[in-house]
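# Results of the structural survey
Each chain is listed here by its residues.
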Amino acid sequence: MSHETPQESELELRKEQRERFMVEYLSKKGSGILNEDALLTGENIFGVFDGATSFSGYTNADGKTGAWLASHIAVETFAKNDKSLAILANEANNRLEAEMKKCDIDTTQKINRWSTGGAVIRIEKDSFEWLQISDCLILVVAQDGSYTLLGGADFDHDRYPLTSWKKLGSERQKPMKEIPEIRAIQSTVIDNANITYGSINGDPNFEKFIHTGTESLKDVSDILLFTDGLFIPKENPENSEDFDTLVKLYSEGGLKYIQKHVR
């Protein structure tokens with residue numbers, strides 16, 4: 001990995017002053033054994049990647065899961081920063097497919113595929129190129145405090161499983177992971193990858209779910225890139241994501257303030 005890819009399992013808040021802007025980033029391990037998210041912090045290219053655990057149970061000789069490998073393969077590919085973001089996404093997807101075959105992963109079963117979501121921006125002089133797929137998101141905050149969410153509406157693919165889990169959870173007599181219906185729900189969501197929502201998982205159909213473009217930097221105050229780990233918790237999974245609160249918390253205290261609220 002290059003110096004542009006911080007690899008610590010947990011990255012506390014860091015700030016770096018670049019020539020034209022300040023970079024702030026934060027990553028914390030969730031409930032899993034590994035932090036399967038990955039960060040890209042180059043000179044003018046930045047990204048967040050959220051690896052998704054497959055059902056294959058694969059780990060390599062170093063104990064890295066398929067989800068960890070997927071997110072870090074994406075970081076390594078985008079870190080080259082030598083082509084359009086869409087082309088780099090295709091290269092990451094192709095490399096992931098090749099790596100899974102090399103490791104004898106049965107990719108005919110989608111639940112075995114390693115996968116990752118991603119959100120990437122590349123800063124130019126007066127504009128920035130962006131790319132978003134799955135539930136890694138990009139919020140552009142203007143000088144007046146208003147904001148724009150870049151990308152498509154297909155990021156909310158967790159609504160169905162969370163709604164189902166809440167119902168099952170109210171009836172459960174044992175840990176959630178031991179309930180057979182939970183695995184069936186997870187399998188259904190994974191099977192819908194690159195059918196109803198996008199995922200970098202080696203499937204060429206992922207191209208249909210890439211959201212990308214170029215935006216002006218005029219009147220832009222901040223650009224937030226984040227995984228669903230920074231989504232504001234909600235009691236009812238059927239409600240829309242609360243980006244108003246996220247932007248308000250950020251304006252009051254930055255990423256650490258959002259993390260404190262979420263935790």
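The paragraphs below set out a description of the structure included in this document. This is a predicted model, so every value here is computed, not measured. (Residues numbered from 1 in each chain as written. Predicted model: local features only at pLDDT ≥ 70, side-chain atom pairs only at ≥ 80, totals over all residues. Heavy atoms only, no water.)

### Comments concerning the overall build of the chain
- Assigned secondary structure in the chain consists of 5 helices and 10 strands.
- For 263 residues, the compact-globule formula gives about 18 Å, and the C-alpha radius of gyration of the chain, at 18 Å, lands near that figure.
- Projected onto the principal axes, the alpha-carbon positions of the chain cover approximately 50 × 40 × 35 Å.
- Expressed as a percentage of its 263 residues, the buried residues of the chain come to 46%.
- Long-range pairs, those at least 24 residues apart, make up 62% of the contacts in the chain between residues at least 6 apart in sequence.
- Summed over its atoms, the accessible surface of the chain is roughly 13,500 Å², and 48% of this surface lies on carbon and sulfur atoms.
- Here the chain holds 30 positive side-chain charges and 43 negative ones, and the gap between their average locations is 3 Å. (Helix = DSSP H or I, 4+ residues; strand = E, 2+ residues; numbered from the N terminus. Rg over C-alpha atoms; globule rule 2.2 N^0.38 Å. Buried < 20%, exposed > 50% of the residue type's maximum accessible area, 1.4 Å probe, protein only. Contact = heavy atoms within 4.5 Å. Areas by Shrake-Rupley, 256 points an atom, 1.4 Å probe, with all protein chains shown as cover. Lys, Arg positive; Asp, Glu negative; His and termini not counted. Charge placed at Lys NZ, Arg CZ, Asp CG, Glu CD.)

### As for the sheet that holds strand β7 (residues 137–142)
- A sheet is described by the order of its strands in space; here 3 strands give the open sequence β8-β7-β10, paired in antiparallel fashion. Edge positions in the sheet fall to β8 (147–150) and β10 (220–226), since each has one partner strand and no second. Averaged over all pairs of adjacent strands, the angle between their axes in this sheet comes to 20 degrees, without regard to strand direction.
- In the sheet, β7 pairs with β8 via 4 bridges, with the strands oriented antiparallel. The residue bridging V140 from the neighbouring strand is T148, located in β8. (Pairing = 2+ DSSP bridges. Axes fitted to C-alpha atoms, helices over the stretch in contact; angles between N-to-C directions.)

### Here we look at the sheet that holds strand β5 (residues 115–123)
- Taking strand neighbours across the sheet as the criterion, the 5 strands line up as β3-β4-β5-β6-β9 in an open arrangement whose pairing is antiparallel. Each edge of the sheet is formed by a strand with only one pairing partner; in this case those strands are β3 (37–41) and β9 (211–216). Across the sheet, the mean angle from the axis of one strand to that of its neighbour is 10 degrees, orientation sign disregarded.
- Pairing analysis gives 6 bridges linking strand β6 (residues 127–133) to β9, with the strands arranged antiparallel. Within β9, the residue paired with E129 across the bridge is T214.

### Let's talk about the environment of E181
- One can find E181 in helix α4 (residues 180–191).
- Taking C-alpha positions, E181 is 8.8 Å from W165, a pair spaced 16 residues apart along the chain.

### Some points on the nonpolar core
- Counting 25 residues, the largest nonpolar core has L40, F49, F78, L85, L96 and W114 as its most contacted members.
- Going through the elements one at a time, β3, β4 (45–52), α1 (66–78), α2 (85–102) and β6 are the ones with two or more residues in this core.
- At 7 residues, the largest contribution of residues to this core is made by α1.
- Every residue in contact with L96, bar those within four places of it in the chain, is listed here: A70, I73, W114, S115, I200, N201 and G202. (Core = buried A, V, L, I, M, F, W, Y, C linked by side-chain atoms within 4.5 Å.)

### Some thoughts on α4
- In this model, α4 (12 residues) spans 17 Å end to end at C-alpha, consistent with the 16 Å of a helix rising 1.5 Å per residue.
- Along α4, the residues that are buried comprise I182, I185, S187, V189 and I190. (Expected span 1.5 Å × (residues − 1).)

### Re unusual backbone geometry
- Of note, the phi angle at N194 is positive, near 60 degrees, even though the residue is not glycine.
- Position of N194 relative to the elements: it lies in the loop between α4 and β9.
- Even without a glycine there, the phi angle at D219 is positive, about 65 degrees.
- Mapped onto the secondary structure, D219 falls in the loop between β9 and β10.

### Comments concerning the pairing of β6
- β6 sits mainly inside the fold: 6 of its 7 residues count as buried.
- When β5 meets β6, the two strands line up antiparallel, connected through 6 bridges. Of the residues in β6, the one forming a bridge with I121 is W130.
- Once β5 ends, the chain turns through 3 residues before running back antiparallel as β6.

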